[in-house]
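# Per-entry structural report
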Amino acid sequence: MHKAVSVSASLGSMGLLRLFGVSWSWSLVAGLGVYLGTRSWKYFYIAARTVKRDLNGLYVLLRVKLALWRYMRNGSNIPSIFAHTVKHYPNKPALIYEATGETWTFIQLDELSNAVAHWARGQGWASGDVVALFMESRPLQVALWLGLAKVGIEAALINFNLRCDSLLHCIGVSGSRAVVFGAELADALQEVSSSITQSMARFCTGDLSAERLASLGAQPLDPILATASRHSLSPCVPPKGMNDRLFYIYTSGTTGLPKAAIVVHSRYYRIAAFGYYAFSMRPDDIIYDCLPLYHSAGNIMGVGQCLIHGLTVVVKKKFSASRFWEDCIKYNCTVVQYIGEICRYLLSQPVRPSEKGHKVRLAVGNGLRPSVWEAFTERFRVGQIGEFYGATECNCSIANMDGKVGACGFNSRILPNVYPIRLVRVDEDSMELIRNNQGLCTPLCLAGEPGLLVGRINQQDPLRRFDGYANQDATKKKIAHSVFKKNDSAYLSGLEGKAGMAAIADTTGSFDCNDFFEKVQRGLPSYARPVFLRISPQVDTTGTFKIQKTRLQREGYDPRLTADQIYFLNTRAAHYEAIDEELYNAIAEGRMSL
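Residues numbered from 1 in each chain as written. Predicted model: local features only at pLDDT ≥ 70, side-chain atom pairs only at ≥ 80, totals over all residues. Heavy atoms only, no water.

### Structural notes on the overall build of the chain
Looking only at helices and strands, the chain features 19 helices and 23 strands. Here the chain has roughly 27200 Å² of accessible surface; of this, 54% comes from carbon and sulfur atoms. (Helix = DSSP H or I, 4+ residues; strand = E, 2+ residues; numbered from the N terminus. Areas by Shrake-Rupley, 256 points an atom, 1.4 Å probe, with all protein chains shown as cover.)

### Let's talk about helix H14 (residues 340–347)
Listed as buried for H14 are Gly340, Ile342, Cys343 and Leu346. Within H14, the buried residues cover an arc of 165° as seen down the axis, which keeps them to one side. Buried residues along H14 sit in contact with helix H13 (324–330), strand S12 (335–339), strand S13 (362–366) and helix H15 (370–380). (Buried < 20%, exposed > 50% of the residue type's maximum accessible area, 1.4 Å probe, protein only. Arc of directions from axis to C-beta. Contact = heavy atoms within 4.5 Å.)

### As for the pairing of strand S17 (residues 451–456)
In terms of burial, S17 is a largely internal element, five of the six residues being buried. As paired elements, S17 and strand S19 (residues 489–492) share three bridges and run antiparallel to each other. Note that in S19 the partner of Arg456 across the bridge is Ala490. (Pairing = 2+ DSSP bridges.)

### As for the side chain of Ser493
Relative to the helices and strands, Ser493 is located in the loop between S19 and strand S20 (501–505). Ser493 gets classed as buried once you look at its relative accessible area, which sits at 8%. Engagement of the side chain of Ser493 in a polar contact is seen with the backbone oxygen of Leu453, the distance being 2.9 Å. Not counting the four nearest positions on each side in its chain, Ser493 is found in contact with Tyr389, Leu452, Leu453 and Lys478. (Polar contact = N/O pair within 3.5 Å; in protein donor to acceptor, adjacent residues only side chain to side chain.)

### Focus: the packing of aromatic side chains
Counted under the stated rule, the structure contains 26 aromatic pairs. Here Trp145 and Tyr268 contribute two aromatic rings whose centre-to-centre distance is 5.4 Å and whose plane-to-plane angle is 55°, an arrangement assigned as tilted. With Trp145 in helix H6 (residues 139–150) and Tyr268 in helix H11 (residues 265–278), the pair connects residues that are 123 residues apart, well separated along the chain. Residue Tyr268 is classed as buried on the basis of its relative accessible area of 0%. Each member of the aromatic cluster is reached from another via a ring pair, and the members are Tyr288, Phe319, Phe324, Trp325, Tyr345, Phe376 and Phe380. (Phe/Tyr/Trp six-rings, centres within 6.5 Å; stacked < 30°, edge-to-face > 60°.)

### A short note on the sheet that holds strand S18 (residues 479–481)
The antiparallel open sheet is built from four strands, whose spatial order is S16-S17-S19-S18. Lying at the two open borders of the sheet, with one neighbouring strand each, are strand S16 (421–425) and S18. In this sheet, adjacent strand axes meet at a mean angle of 40° when their direction is disregarded. Judged from the five bridges that link them, S16 and S17 form a sheet pairing that is antiparallel. Its bridge partner being in S17, Arg425 is matched across the sheet by Gly451. (Axes fitted to C-alpha atoms, helices over the stretch in contact; angles between N-to-C directions.)

### Here we look at the pairing of S13
Extensive coverage of S13 is indicated by the burial of four of its five residues. Pairing analysis gives five bridges linking S12 to S13, with the strands arranged parallel. Looking at S13, one finds that Val336 is bridged to Ala363. Taken together, S12, H14 and S13 form a β-α-β motif whose crossover is right-handed. One ladder, built from four bridges, connects S13 with strand S14 (residues 384–389); its direction is parallel. Its bridge partner being in S14, Gly365 is matched across the sheet by Glu387. The handedness of the S13 to S14 crossover, carried by H15, is right-handed. (Right-handed = clockwise from strand over helix to strand, strands pointing away.)

### Points about the nonpolar core
Counting 125 residues, the largest nonpolar core has Trp119, Trp145, Phe247, Tyr268, Tyr269 and Leu307 as the members making the most contacts within it. Residue contributions to this core peak at nine residues, all from helix H3 (residues 42–73). Residues within four places of Tyr269 in sequence aside, it is in contact with Val64, Ala67, Leu68, Tyr71, Ile78, Ile81, Met242 and Ile308. In this structure, Ile286, Cys333, Cys343 and Ala363 belong to the second largest nonpolar core, which totals 26 residues. (Core = buried A, V, L, I, M, F, W, Y, C linked by side-chain atoms within 4.5 Å.)

### Digging into the packing of helix H4 (residues 78–88) against H11
Where H4 contacts H11, the axes come no closer than 9 Å and their chain directions differ by 45°. It follows that H4 is oblique to H11 by the angle criterion. Between H4 and H11, the residues in contact are Ile78, Pro79 and Ile81 and His265, Tyr268 and Tyr269, respectively. (Parallel < 35°, antiparallel > 145°, perpendicular 65-115°, else oblique.)

### Here's the deal with the sheet that holds strand S1 (residues 93–97)
Strand order in the open sheet made by the eight strands is S2-S1-S11-S10-S12-S13-S14-S15, with mixed pairing throughout. Each having just a single partner strand, strand S2 (102–105) and strand S15 (398–399) make up the two edges of the open sheet. Two strands pair when backbone bridges link them, and strand S10 (residues 286–289) and strand S11 (residues 312–315) are joined in this way by four bridges, in the parallel orientation. What sits directly across from Ile286, in S11, is Thr312. Running over the sheet, helix H5 (residues 106–122) touches S1 and S2 and is turned about 85° from S2.

### Things to note about the packing of H5 against H6
Two numbers describe a pair of packed helices, the interaxial angle and the distance between the axes. The geometry of H5 relative to H6 is characterised by a closest axis approach of 7 Å and an angle of 55° between their N-to-C directions. In terms of orientation, H5 lies oblique with respect to H6. For the pair H5 and H6, the crossing hand works out as right-handed. Listed contacts from H6 to Leu109, Asp110, Leu112, Ser113, Asn114, Val116, Ala117, Trp119 and Ala120 of H5 are Leu140, Ala143, Leu144, Leu146, Gly147, Leu148 and Lys150. (Left-handed = near helix turned anticlockwise from the far one by under 90°.)

Okay, structure coming up:
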């Protein structure tokens, strides 16, 4: 009887997958997995608890995968998909710039990007060339990279917080032939101007005096685009497809210099499409996008809904907690984007009528703490949280599709091979993968174990390919072999994010906090500045000279657990201050903001 049930469940799952268009080979593998799984009655308990969620996830996965196959077969790319969107919504608002109230309809955005394409081709740049974009968030940034893409040119989207060495590195590592910068960042570019090769063309958008332009060796871009042709032009030869490069997005650089992650056309589509279908967005939604457009959350998860699905996106130059809900009301926004800190900042604001007078039904983002989640939805009456996890370059993105508080996604226990990702064990000290006697990685068994999310790489599958970085050495460091099975390859997720604590060895006792702060303030963006400093006579290392981080992590910033001096970055006072028991309690209890 039990065997008959297992066979029936196996055949049923195979038929379902074939109905959705999955190949016979995948269907057979999934069917075998179901058969083996149902030989234990525990499988039925798991299936009953997760089947609705997993089937919804399977539906989203197959819908995105089938669309990608169709686009790849037709030789499409992001500009051609956008052209299809323009035909459907020519006069609908595409992008609204909150700073000025200006609105670009889809046809206007298309024509402006055509002007960019004509300008770029007139410069003699060819398919595969790179142009760096260095500006604060604005709709023109979208028109620039989209117009460049129409003629096969790849944009390098540079973080506008970067300065000095980090900025120079990002411009250089992409191999850019030109840089387009906003007038508001002229001082930042001036600092590195002498170190940039003179052959690199420079263009400025925004108001800048003729004298200042001359000192930077730059040309004003706005009048050039104003007189350029708005007509569509022939695509590059050979035309770029879904697996060709679209642009570069940089990692945060909290543990070193930023890396230029390669974003191909299919990756742009998959990130935007997964968000659209996983969280049930609609063409009539209006998205409030207060995240920077140099990163994937703002430019793909947000703006991607405009270019691919025809949604209206309100672009906010910079997040404002006091104006957030007023903006949502003003522009009739139904979807907002967040990172976890944004939600916490909003909760710390005084109660105001606008926070419940909006039409927002969905908040999409990542990093929302469980302790903040319910408080956010209850106070602001937001019906759905679309929490997800996924680095720009990763092949193992996950999403919370069932609204479970605190979860950033799931991996199907019923059909694990349909989307092969896994949490694997790592050594807590070295963060190296732990392997079994067969040389394969071992999955996590206990909640709370340190581990890494990995995704099996298949370069022929647009959902599982890993395109890596402009730097090949950086790419190799993110790939492990023999993870799921012998000789396979898998992407390794990492620890990108806001800087935490820096442990500094001060053997002479001469460390100067004020001097250190001035240097990090000048050379590092705010998120890369250490929130805590630990000053030690020496830093403990292992026998192979690796830093012993476990004890430091365990002791944290509690001054009662160590004789080392620990400092806290007080951003309001603009200096590092020594942590005593009173300050420690204020931080631990949330009375002092991080």
